[in-house]
Amino acid sequence: MSLSSAISPSSYAAIAAASSARTPIFNKKKTAAVLSPLSLFHQSPSLSKTGIFLHRGRKESSSKFYIAASVTTAVPSLDDSVEKVQLPRGAMWSIHKFGGTCVGSSERIRNVAEIVVEDDSERKLVVVSAMSKVTDMMYDLIYKAQSRDDSYESALDAVMEKHKLTAFDLLDGDDLARFLTRLQHDVNNLKAMLRAIYIAGHATESFSDFVVGHGELWSAQLLSFVIRKNGGDCNWMDTRDVLVVNPAGSNQVDPDYLESEKRLEKWFSSNQCQTIVATGFIASTPQNIPTTLKRDGSDFSAAIMGALLRAGQVTIWTDVNGVYSADPRKVSEAVVLKTLSYQEAWEMSYFGANVLHPRTIIPVMRYDIPIVIRNIFNLSAPGTMICRESVGETEDGLKLESHVKGFATIDNLALINVEGTGMAGVPGTASAIFGAVKDVGANVIMISQASSEHSICFAVPESEVKAVAKALEARFRQALDAGRLSQVAIIPNCSILATVGQKMASTPGVSATLFNALAKANINVRAIAQGCTEYNITVVLSREDCVRALKAVHSRFYLSRTTIAVGIVGPGLIGATLLDQLRDQAAILKENSKIDLRVMGITGSRTMLLSETGIDLSRWREVQKEKGETADLEKFVQHVRGNHFIPSTVIVDCTADSEVASHYHDWLCRGIHVVTPNKKANSGPLDQYLKLRALQRRSYTHYFYEATVGAGLPIITTLQGLLETGDKILRIEGIFSGTLSYIFNNFKSTTSFSEVVSEAKAAGYTEPDPRDDLAGTDVARKVIILARESGLKLELSDIPVQSLVPEPLRDIASAEEFLLQLPQFDSDMTRKREDAENAGEVLRYVGVVDAVNQKGVVELKRYKKEHPFAQLSGSDNIIAFTTERYNKQPLIIRGPGAGAEVTAGGVFSDILRLASYLGAPS
């Protein structure tokens, strides 16, 4: 018999009637009770903790008035002589738990009944929560009643109507009549109880628990009727008749397994069936007072029942496909985990992951009962199994060691740091600190202490930090004044990132990988904690970095793609070619290299195109015309960097604009990587270049600029490799201009210089104004870049440049006019060519870095026909490195040094190099 039926409506009516006088009340069992509106909720030594005195036939003396309701006399004694039926236990039992969302409507209750009936287990026990929103509605009833708000009556009628309508939709005949009779009976009781609360203006915990538990009673009855209607052998169980729990403080209870087993056996003796539908969330104290299992009580109920029955499995039905490796709302690449160990599950749940409350796992651990998390709205998903030991699997079913299983975060925290030399070696300091924290009722989330004992820091919820700091300052006032403690410091706006995995224990390199991923994402760690079990590594970060950190470490530990947010500045010839290359290669990179390059923004000088998830590169030109907005470089950068789905950001500057280049330092400071073929930053003012390189060296933000010299040729990386391996640069000499290489490769006796220049322009080898190439400034910029890479501190103005533009033509307004007048000056260049030919030489326009003499030059030089520089064709570049290792025979790099395809390819190569630095597989 349930507790709700044990307390008669007349008893509740008497409670309400006692508002004006102390009246002896006798129920059907002739149990006397003296009632008073003041003593109804009074706590005294002669009353139970909840305010209800329950007597078992013995006399209690008390000067206080009290209630002696018929609760205990109606509960069957375990000593009653009944025919014993052995309760079967073991793997034949399958436990299912359905939350409020799963039974939120008549249609969903039918779906649940189908799942239960289709389960071919020999025996089944189903734990159900109240219908969705009903528990909140019941708490609202109590709030309104104790606030003396008369609308509690209409609110209760709304609860009843919700269940009535559901019953009419699900049931018929005798089943419908029985449920509606019981529903009306319970509502009458609740009205009396709420009336008493209304009069007293207060509800004890036991009264509240009693009222709230009715939602589970009704959903359990409805489901049991539907299962029987579908042919199942089913009874429903009021778990307050079976589950016995003891208060454990901190809003928790501990199950009394021995007493609960006895009561379960007793219940089963009278209710033999194949399927049991049990109420979740509610239970009783050893004194038979209604109570609840507190937070996540229905899950806890299922685990306890699984332990009592030694079940084969406990299935928790919810609205997600299982436990994810990280919050999928924050990490789009989060995956559903196939398995978790018990320890991994409770570590992740403690840190806020949507798994299970840690106490839910304890009962099933005792008997190695697996818990499976499944999605009731996606029955095809296998879910996540929580069991003794987790195992990772590859797609072909082979076992795979998975050192890290998941990541979880807690936000809105603050760090408190207690610091002072007087703490070292002083016993009791930590006890005093955390004693003060306990006194204000604060919850300590994480603790970290250095072995020097110079400081202790710990994390608490931000809402509690001021009270904790005030308590600590009061407790240690004398030590602070004396200087033994230097400070009690608060670091606000923090978040915790927890990395969880059973296989982390005794596995070298896990911490190194974690912190390397954070460092490369330019994220600072404020505190660290790791237990000796090594199941969890916890770091405290700035709140604004939390999501980015979560994405960075998740990407590093999982085979999910290395995702980089890409912003393209300058969709001109090189930028557009790069976008086409990215489009053509994207699928291959994802498949083979696990690299996901998402172009989040494209901006020119006038319009820009932004996307939240990634621009469709097959039609970016059309979309930019349709949806492009006014260009705003700061807004563009903020959008590309601020995307919460991607941990790393790179800006690719495909312009030749010095204004864009001036932003590199700021972008790198903000954790944005930079890739560019733009020479302006590295060939600009020396002090700005040195600041840029110094920033690059001391941070984990990358700056790649291979295409600034030689387009796609590996010139910068070769030079850096020589220097990093200890070689010493003596001289760098090369033909760095594809335009000028083409001109002098084709400047022969049959053609004048002006004709070759016009041909080069017509073929697209020159700038719109050929003077930009012939002036030699572009070559000078490449020379200064290589000189600075070699360690020379030179300004662009320090490089003598021999211009091939005749002086009278330098100030002519248009390129067309320049080309018309250039033939007037052919004789001078022809003479130089003839002089070279007569000496068995050729003309070549070169740049030289003389590292020995700390200088550079750009000039037209003559080379013997057997020299490598004389062997070029087309627009090829050639660079010769003379070093201490490559002294007798220089190291030579030769290849196409101009053109949109090869330049864009060089930029693309730098982007892929960045991806490898950020963790992409090699």
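Values in this document were obtained by computation on a predicted structure and should not be read as measured data.

So, how was this worked out
Residues numbered from 1 in each chain as written. Predicted model: local features only at pLDDT ≥ 70, side-chain atom pairs only at ≥ 80, totals over all residues. Heavy atoms only, no water. Helix = DSSP H or I, 4+ residues; strand = E, 2+ residues; numbered from the N terminus. Buried < 20%, exposed > 50% of the residue type's maximum accessible area, 1.4 Å probe, protein only. Contact = heavy atoms within 4.5 Å. Areas by Shrake-Rupley, 256 points an atom, 1.4 Å probe, with all protein chains shown as cover. Pairing = 2+ DSSP bridges. Axes fitted to C-alpha atoms, helices over the stretch in contact; angles between N-to-C directions. Phe/Tyr/Trp six-rings, centres within 6.5 Å; stacked < 30°, edge-to-face > 60°. Lys NZ or Arg CZ within 6 Å of the ring centre and 35° of its normal. Core = buried A, V, L, I, M, F, W, Y, C linked by side-chain atoms within 4.5 Å. Lys, Arg positive; Asp, Glu negative; His and termini not counted. Salt bridge = Lys/Arg side-chain N within 4 Å of Asp/Glu carboxyl O. Polar contact = N/O pair within 3.5 Å; in protein donor to acceptor, adjacent residues only side chain to side chain. pLDDT = per-residue confidence, 0-100. Expected span 1.5 Å × (residues − 1).

Trainee: Account for the overall build of the protein chain, with residues named and values stated.
Mentor: Helix and strand content of the protein chain: 33 helices and 34 strands. The buried share among the 922 residues of the protein chain stands at 55%. Long-range pairs, those at least 24 residues apart, make up 72% of the contacts in the protein chain between residues at least 6 apart in sequence. With the model as given, the accessible surface of the protein chain reaches about 40000 Å², and the carbon-plus-sulfur share is 49%.

Trainee: So what about the environment of Q86? Which residues, and what values?
Mentor: Residue placement: Q86 occurs in the loop between α3 (71-74) and β3 (93-98). Separated by 183 residues in the primary sequence, Q86 and S269 place their C-alpha atoms 7.5 Å from one another.

Trainee: Describe the sheet that holds strand β17 (residues 406-419), with residues and values.
Mentor: The six strands lie next to each other as β18-β19-β17-β20-β22-β21, forming an open sheet whose pairing is antiparallel. Both edges of this open sheet fall to β18 (446-449) and β21 (525-530), since each of them pairs with a single strand only. Across the sheet, the axes of successive neighbouring strands diverge by a mean angle of 30°, strand direction being ignored. Helix-sheet contacts for helix α17 (residues 510-520) involve β20 (487-500), β21 and β22 (536-542), and the interaxial angle to β22 is about 20°.

Trainee: Residue-level account of unusual backbone geometry, with values.
Mentor: Positive phi values are uncommon outside glycine, yet K133 reaches one of about 80°. By the element assignment, K133 lies in the loop between β4 (123-128) and α5 (134-146). A positive phi is found at N412, a non-glycine position, where the angle reads about 60°. With respect to the element layout, N412 can be found in strand β17.

Trainee: I'd love a proper account of the packing of aromatic side chains, names of residues and values included.
Mentor: Taken as a whole, this structure holds 13 aromatic pairs when the rule is applied. Judged by centre distance (5.9 Å) and plane angle (40°), the rings of Y664 and W667 are tilted. Of this pair, Y664 and W667 both sit in helix α23 (residues 664-669), separated by three residues, roughly a single helical turn. The class for Y664 is buried, based on a relative accessible area of 0%. For W667, a relative accessible area of 1% translates into the label buried. Over the face of the ring belonging to F476 we find R475, whose NZ or CZ atom lies 5.2 Å from the ring centre. Its end group placed over the ring of F747, R833 keeps NZ or CZ at 5.1 Å from the ring centre.

Trainee: Break down the sheet that holds strand β30 (residues 729-735) for me, with residues and values.
Mentor: Here we have five strands laid out as an open sheet, ordered β32-β31-β30-β33-β34, and antiparallel in their pairing. For this open sheet the edge positions go to β32 (855-864) and β34 (891-896), each flanked by a neighbour on one side alone. Taking each pair of neighbouring strands and ignoring which way they run, the sheet shows an average axis angle of 20°. Where strand β33 (residues 876-883) and β34 come together, six bridges link them in antiparallel fashion. Paired with N877 across the bridge in β34 is G895. This element, helix α27 (residues 738-745), spans β30, β31 (841-850), β32 and β33 of the sheet and lies at about 155° to β31. Across the face of the sheet, helix α30 (residues 777-789) comes into contact with β30, β31 and β32 while running at roughly 40° to β31.

Trainee: Mind laying out the nonpolar core, listing which residues take part and the relevant values?
Mentor: Ranked by size, the top nonpolar core spans 67 residues in total, and within it I732, I743, F744, L774 and L786 carry the most contacts. No other element matches the seven residues that α30 contributes to this core. The contacts of I732, once residues within four sequence positions are left out, are L719, L786, S790, G847, V848, V849, I879, A880 and F881.

Trainee: Could you give an account of the side chain of S875, naming the residues involved and the relevant values?
Mentor: Here S875 lies in the loop between β32 and β33. Other than its neighbours up to four places away in sequence, S875 contacts G738, S741, Y742, Y765 and G897.

Trainee: Help me get a handle on the environment of C546, residues and values and all.
Mentor: Along the chain, C546 turns up in helix α18 (residues 546-557). Once the C-alpha coordinates of C546 and D411 are considered, the two residues, 135 residues apart in sequence, prove to be 8.2 Å apart. Apart from the residues within four sequence positions on either side, C546 is in contact with T409, D411, S495, I496 and L541.

Trainee: Can you tell me about the side chain of E706, naming the residues and giving the values?
Mentor: If you trace the backbone, E706 turns up in the loop between β29 (703-704) and α26 (715-724). Here E706 is buried and forms no salt bridge, its nearest opposite-charge partner R913 lying at an N-O distance of 4.9 Å. Engagement of the side chain of E706 in a polar contact is seen with the backbone nitrogen of I715, the distance being 3.0 Å. If we ignore the near neighbours within four places in the chain, the residues touching E706 are A711, L713, P714, I715, I716, T717 and D910.

Trainee: A description of the confidence of the model for the protein chain should follow, citing residues and the corresponding values.
Mentor: Summing up the model confidence of the protein chain, the mean pLDDT is 85 and the portion of residues at 70 or higher is 87%. Confidence drops under a pLDDT of 50 for residues 393-401, and excluding neighbours within four residues, the segment shows nine contacts in the predicted structure.

Trainee: Can you lay out the pattern of salt bridges for me, pointing to particular residues and giving the numbers?
Mentor: Counting across every chain of the model gives 45 salt bridges. With a closest N to O distance of 3.8 Å, D596 and K590 form a salt bridge.

Trainee: Which residues make up helix α33 (residues 900-917), and what are the values?
Mentor: Helix length check: α33, at 18 residues, gives a terminal C-alpha distance of 26 Å against a target of 26 Å (1.5 Å per residue), a fit within 8%. Among the residues making up α33, those that are buried are A900, T903, A904, G906, V907, F908, D910, I911, L914 and A915. Turning to α33, the residues buried within the fold contact β23 (562-569), α19 (573-593), β24 (595-603), β27 (648-653), β28 (673-675) and β29. Of the residues flanking the end of α33, it is G919, one or two places downstream, whose phi is positive at about 115°.

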